[in-house]
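Chains, contacts and geometry: an overview
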Amino acid sequence: MALLTPKDLININKQLQEADSTVQRVTGLDIKGICKALYGTSPSSEKVGIVPVTSGNGIIGNFSASLHAITQYFGFESFVTDMPDVSGYYEAVRDGAEIILMADDYTFLAHNLKNGKMANNQPCTGIIYAEIASRYLKAYSKDVFVVGLGKVGFPGAAHLVQKGFRVYGYDPDENLIQRAVSNLGVIPFNPEKPKKFSIIFEATPCANTIPESVLSENCVLSTPGIPCAISEELQTKYDVQLVAEPLGIGTVSMLYSVL
Ligand code: NAD
Ligand code: 2YG
Ligand code: MG
């Protein structure tokens, strides 16, 4: 289990602004536009209550404050409760929250108390990063390389298959490749047979997961994975369009999915 650190979340507003302008350049839509197109929903002044949770590894410095900044950035009214855990949940509902955001070490959820809809961060993150990749305006084919087929990568791969892309998948865990082949029709990527891609979606907790041989000039790499999948050197060498941000894109995907 790879947990965020306070350092990942430094300058979250700047990270979001930069990600938003990259998404706009790559797809022609900003992040809100992507969410609207993906879920067919729009916010109408829903109030979001953010509840800090102390269980397991406990509070992550900057986590609740970052969720506050992210929700405000995307135009939601929001507040962080003073108390954590059950007392914080009580406080959030008492003070008018319509959507609850909270996370322990295993689950980060959004729960809309008005319509009962609930979202999990992992599939919502995979789906939105895959959606962004799929909308690359300069893609030269329908081939997509998916690196990492775990809790974030698998739903992203499923979304790409459902959108009609030809998905090549890689994960060092052979069981996960087999699951993606039999459930989704993913084509196993063979590292011995190099192939170049203009669209790459990555979701692993490891650095340097993208081999140089798959990069084409000006390809898009859409990746929620932390640390970043590619070195600055390779990014510059191939002029890679990098969409990477630690918390906001996945969070707004969750919020739009429960509207
Ligand atoms: P997971 O453990 O379920 O899946 C990760 C997968 O990556 C595993 O199947 C693993 O075998 C595979 N992997 C490891 N090394 C690899 C390599 N070299 N090449 C290909 N695959 C490799 O984890 P997850 O829940 O899917 O999360 C993936 C990453 O996304 C983590 O870093 C997590 O912190 C991050 N994440 C980011 C956001 C965000 O908003 N940016 C949101 C959720 C998760
Ligand atoms: O309330 C708090 O401060 C903590 N209980 C939050 C714990 C979140 C743990 N989860 C993660 O670090 C992530 N893997 C999930 C967050 C999605 C963005 N990467
Ligand atoms: Mg994100």
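Parameters at a glance
Residues numbered from 1 in each chain as written. Chains lettered and ligands numbered in written order. Predicted model: local features only at pLDDT ≥ 70, side-chain atom pairs only at ≥ 80, totals over all residues. Heavy atoms only, no water. Helix = DSSP H or I, 4+ residues; strand = E, 2+ residues; numbered from the N terminus. Buried < 20%, exposed > 50% of the residue type's maximum accessible area, 1.4 Å probe, protein only. Lys, Arg positive; Asp, Glu negative; His and termini not counted. Salt bridge = Lys/Arg side-chain N within 4 Å of Asp/Glu carboxyl O. Polar contact = N/O pair within 3.5 Å; in protein donor to acceptor, adjacent residues only side chain to side chain. Contact = heavy atoms within 4.5 Å. UniProt positions renumbered as here; feature names shortened; annotations may be inferred. Near = heavy atom within 4 Å. Areas by Shrake-Rupley, 256 points an atom, 1.4 Å probe, with all protein chains shown as cover. Nonpolar A, V, L, I, M, F, W, Y, C, P; charged D, E, K, R; others polar. Pairing = 2+ DSSP bridges. Axes fitted to C-alpha atoms, helices over the stretch in contact; angles between N-to-C directions.

For the chain, the name recorded in an unreviewed UniProt entry is 3-methylornithyl-N6-L-lysine dehydrogenase PylD, with Methanosarcina spelaei as its organism.

**Remarks on the side chain of Glu46**
With respect to the helices, strands and loops of the structure, Glu46 is situated in the loop between helix 2 (31-39) and strand 1 (47-51). At 7.7 Å, Lys114 is the nearest oppositely charged side chain to Glu46, a buried residue that forms no salt bridge. A polar contact of 2.7 Å, which involves the side chain of Glu46, links it to the backbone nitrogen of Ser44. Leave out the neighbours within four places in its chain, and Glu46 touches Phe76, Glu77, Glu98, Ile99 and Leu259.

**Let's talk about the UniProt feature "domain: Pyrrolysine biosynthesis protein PylD N-terminal" (unreviewed entry) in the chain**
As annotated in UniProt, the feature "domain: Pyrrolysine biosynthesis protein PylD N-terminal" (unreviewed entry) corresponds to residues 10-118 in the numbering used here. End-to-end, the C-alpha atoms of residues 10-118 are 28 Å apart, and along that stretch the chain is 42% helix and 18% strand.

**A closer look at the site of ligand 1**
Surveying the vicinity of ligand 1 reveals 24 residues, the closest of which are Lys151, Val152, Asp171, Leu176 and Glu245. The separation between an oxygen atom of ligand 1 and a polar side-chain atom of Lys151 is 2.8 Å. Between ligand 1 and the protein, one listed contact pairs an oxygen atom with a backbone N or O atom of Thr204 at 3.5 Å. Within the complex, the protein chains bury 80% of what would otherwise be the 870 Å² of accessible surface of ligand 1. Per-element accounting of the shell around ligand 1 gives the leading share, three residues, to helix 5 (residues 121-134). Its residues assigned to classes, the shell around ligand 1 shows 13 nonpolar, eight polar and three charged.

**Concerning the sheet that holds strand 10 (residues 215-222)**
Pairing is parallel across the open sheet formed by six strands, whose spatial order is 8-7-6-9-10-11. Both edges of this open sheet fall to strand 8 (187-188) and strand 11 (241-243), since each of them pairs with a single strand only. Sheet topology note: the strand 6 (residues 143-147)/strand 9 (residues 197-202) ladder contains three bridges and is parallel. Looking across to strand 9, one finds that Phe145 is bridged to Ile200. Helix 1 (residues 12-27) rests against strand 10 and strand 11 of the sheet, and its axis sits at about 130° to strand 11.

**What about the site of ligand 2?**
In the neighbourhood of ligand 2, 15 residues make up the surrounding shell, with Ala2, Leu4, Val53, Ile60 and Ala103 lying closest. At 2.8 Å, a backbone N or O of Leu4 approaches an oxygen atom of ligand 2. Within the backbone of Val53, an N or O atom sits 2.8 Å from a nitrogen atom of ligand 2. Relative to its unbound accessible area of 510 Å², ligand 2 is 88% covered by the protein chains. Among the residues forming the shell around ligand 2, the class breakdown is 12 nonpolar, two polar and one charged.

**Considering the sheet that holds strand 1**
Consider a sheet: its strands pair through backbone hydrogen bonds, and that pairing is either parallel or antiparallel. Read from one edge of the open sheet, five strands run 2-1-3-4-5, paired in mixed fashion. Taken across any chain shown, the strands that pair with only one partner, and hence form the sheet edges, are strand 2 (77-80) and strand 5 (118-120). Across the sheet, the mean angle from the axis of one strand to that of its neighbour is 20°, orientation sign disregarded. With four bridges connecting them, strand 1 and strand 3 (residues 99-103) associate as parallel partners. Following the sheet pairing, Ile50 is matched in strand 3 by Leu101. Across the face of the sheet, helix 3 (residues 63-73) comes into contact with strand 1, strand 2, strand 3 and strand 4 (108-112) while running at roughly 170° to strand 2. Packed onto the sheet, helix 5 meets strand 4 and strand 5 and runs at close to 75° relative to strand 5.

**As for the pairing of strand 3**
Extensive coverage of strand 3 is indicated by the burial of four of its five residues. Here strand 3 folds back onto strand 4, and the loop between the two strands holds four residues.

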